[in-house]
Amino acid sequence: MSKILFVMTGVDYWTLADGTRHPTGFWAEEAVAPYEAFKAAGHEIVVATPGGVVPTVDKGSLAAEYNGGQENADRVAGVLAAATELQRPISLRDVNLDEYAAVYYPGGHGPMEDLAVDADSGKLLTLALESGKPLGVVCHGPAALLAAERDGVNAFAGYRVAAFTNDEETQSGFADKAKWLLQDRLTEAGVQVQVGEPWAPHIIVDRNLVTGQNPASSAPLAAELLKTLG
């Protein structure tokens, strides 16, 4: 049994361009689908957040419309409530990468607020990339890649990735409210964003990096990571 590190946002808001705070956190499906897949395969999960803060689920992500109906929405909420790992996270600063077989970053708008500028996360991502360990990042999780720099250059420059797109941000109603858009900022950093159909599963594998575009991509991303773990 291997240990897999879940790096999650520690905030429950996202600051919009007008200065208001939109309530958010992590997106339920993006945590639950990989959590269930990894646990079913016998792996142990450890959660890390900035400062060891207990992560907050985006309440909107528990709505029936995003979970294929109320029955599954209730099931997802139940999985999160029973996941004791989420209630006792460690601090990102205390992570020893050598202890983990893989690293996974779920999304939600939360990472746009904290992980995008978190130096500890950026350092961990750079080390994970260089280590060759499987590294999975989904939806808005790739915002964290923006904090990974070495010698003034983004550590992921030149890598092909999937990430939440401008079209999806527009369709979700936030493109004109955001301070910046993830697809644009990644592109500016030299990361090659490969766009799939809005809301459809879309993952990209580039060396040891596996990225997914949206919530629907989290389950196939987890399956891809499990393949590399054997």
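Residues numbered from 1 in each chain as written. Predicted model: local features only at pLDDT ≥ 70, side-chain atom pairs only at ≥ 80, totals over all residues. Heavy atoms only, no water.

The subject of this paragraph is the side chain of aspartate 206. Mapping aspartate 206 onto the fold places it in strand β12 (residues 203–206). Take aspartate 206: its relative accessible area is 8%, and that puts it in the buried class. Not counting the four nearest positions on each side in its chain, aspartate 206 is found in contact with Gly158, Tyr159 and Arg160. (Helix = DSSP H or I, 4+ residues; strand = E, 2+ residues; numbered from the N terminus. Buried < 20%, exposed > 50% of the residue type's maximum accessible area, 1.4 Å probe, protein only. Contact = heavy atoms within 4.5 Å.)

So, on to the sheet that holds strand β6 (residues 102–105). Strand order in the open sheet made by the 7 strands is β5-β4-β1-β6-β7-β13-β12, with mixed pairing throughout. This sheet does not close on itself; its edge strands, each paired only once, are β5 (90–91) and β12. Bridge count for strand β7 (residues 135–138) against strand β13 (residues 209–212) is 4 bridges, and the pairing is parallel. Bridge pairing links valine 138 to glycine 212 in β13. Across the sheet, helix α5 (residues 119–131) lies against β1 (3–7), β6, β7 and β13, angled at about 135° from β6, the strand it touches most. Set on the sheet, helix α8 (residues 218–229) makes contact with β1, β6, β7, β12 and β13; between it and β7 the angle comes to about 180°. (Pairing = 2+ DSSP bridges. Axes fitted to C-alpha atoms, helices over the stretch in contact; angles between N-to-C directions.)

A few words on unusual backbone geometry. Positive phi outside glycine occurs at cysteine 139, with the angle close to 60°. Within the secondary structure, cysteine 139 is located in the loop between β7 and β8 (149–150). Look at aspartate 151: it is not a glycine, yet its phi comes out positive at around 55°. Since its relative accessible area comes to 80%, aspartate 151 is described here as exposed.

Let us now look at the packing of helix α1 (residues 28–40) against helix α2 (residues 70–82). Between α1 and α2, the least distance of the axes is 10 Å, while the angle of their chain directions is 70°. Judged on the interaxial angle alone, α2 and α1 are roughly perpendicular. Taken as a pair, α1 and α2 cross one another with a handedness that is left-handed. Together, Ala28, Val32, Tyr35 and Glu36 of α1 and Arg75, Val76, Val79 and Leu80 of α2 make up the contact between the two elements. The residue inventory of the contact of α1 with α2, partitioned by class, reads 6 nonpolar, no polar and 2 charged. (Parallel < 35°, antiparallel > 145°, perpendicular 65-115°, else oblique. Left-handed = near helix turned anticlockwise from the far one by under 90°. Nonpolar A, V, L, I, M, F, W, Y, C, P; charged D, E, K, R; others polar.)

What follows concerns the pattern of salt bridges. This model, assessed by the stated rule, comprises 9 salt bridges. Note that glutamate 85 and lysine 39 form a salt bridge whose closest N and O atoms lie 2.7 Å from each other. Of the two residues, glutamate 85 sits in helix α3 (residues 84–87) while lysine 39 sits in helix α1, which places them 46 residues apart along the sequence. By relative accessible area, which is 8% here, glutamate 85 ends up buried. With its nearest N and O atoms 3.9 Å apart, the salt bridge here joins arginine 160 to aspartate 206. Of this pair, arginine 160 sits in strand β10 (residues 160–161) while aspartate 206 sits in strand β12, and the two are 46 residues apart along the sequence. (Salt bridge = Lys/Arg side-chain N within 4 Å of Asp/Glu carboxyl O.)

Here we come to the environment of alanine 73. With respect to the helices and strands, alanine 73 occurs in helix α2. C-alpha of alanine 73 to C-alpha of alanine 28: the two residues are 45 residues apart in sequence and 9.4 Å apart in space.

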